[in-house]
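# Structure at a glance
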Amino acid sequence: MSKTAKNPAAKTAKTAQNLAKDLAKDLARNSRIPIGACLADIKPKIDYPLIWEYTIFVPLDRDEKELIASTLGICEHKLTASNKNAKYKSFKLNLLVRSENERLEIFAKLKATCAFVL
């Protein structure tokens, strides 16, 4: 009896690996992406201006409205409560961004003042 026959988890893992290899080959055949290409190197096309949504995590003892005002200044935005746990409260922050540089600059500012930013 083979090892995979004795261990169904090993058989399932092997099947998953084979499916992943087959999928990668199919993608390479049906697209212009080489098999070894990293998807992180592929940049999505984003048309600006647009409303961008950031998810921010703020410590419970910080006032989120004051944090946004001090970080971004006076700008039109929408802040919606999302979740809360023992350490943090999270919010969806929607605002108009006019370019990739502005989007990344806002992200950097939020990252410097918030606990986490997505």
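Up top is the structure.
Model, not experiment: these values are computed from the prediction.

## Examining the sheet that holds strand β4 (residues 116-117)
- Taken in spatial order, the four strands line up as β2-β3-β1-β4 in an open sheet, and their pairing is antiparallel. Two strands in the sheet have a free side with no partner beyond their single neighbour: β2 (77-84) and β4.
- When strand β1 (residues 50-59) meets strand β3 (residues 88-97), the two strands line up antiparallel, connected through ten bridges. Its bridge partner lying in β3, Y54 is registered against L93.
- Those strands touched by helix α3 (residues 64-72) are β1, β2 and β3, and its axis lies near 40° from that of β3.

## Observations concerning the nonpolar core
- Membership of the largest hydrophobic core comes to 14 residues, with the highest contact counts inside it found for Y54, I56, I68, L93, L95, I106 and L110.
- Residue assignment for this core shows that the elements contributing at least two residues are β1, α3, β3 and α4 (100-113).
- Among the elements that line this core, the one with the most residues is β3, at four residues.
- In this view, Y54 contacts F91, K92, L93, L95, V97, R103, I106, F107, L110, V117 and L118; residues no more than four positions away in its chain are not counted.

The rules we used
- Residues numbered from 1 in each chain as written.
- Predicted model: local features only at pLDDT ≥ 70, side-chain atom pairs only at ≥ 80, totals over all residues.
- Heavy atoms only, no water.
- Pairing = 2+ DSSP bridges.
- Helix = DSSP H or I, 4+ residues; strand = E, 2+ residues; numbered from the N terminus.
- Contact = heavy atoms within 4.5 Å.
- Axes fitted to C-alpha atoms, helices over the stretch in contact; angles between N-to-C directions.
- Core = buried A, V, L, I, M, F, W, Y, C linked by side-chain atoms within 4.5 Å.
- Buried < 20%, exposed > 50% of the residue type's maximum accessible area, 1.4 Å probe, protein only.

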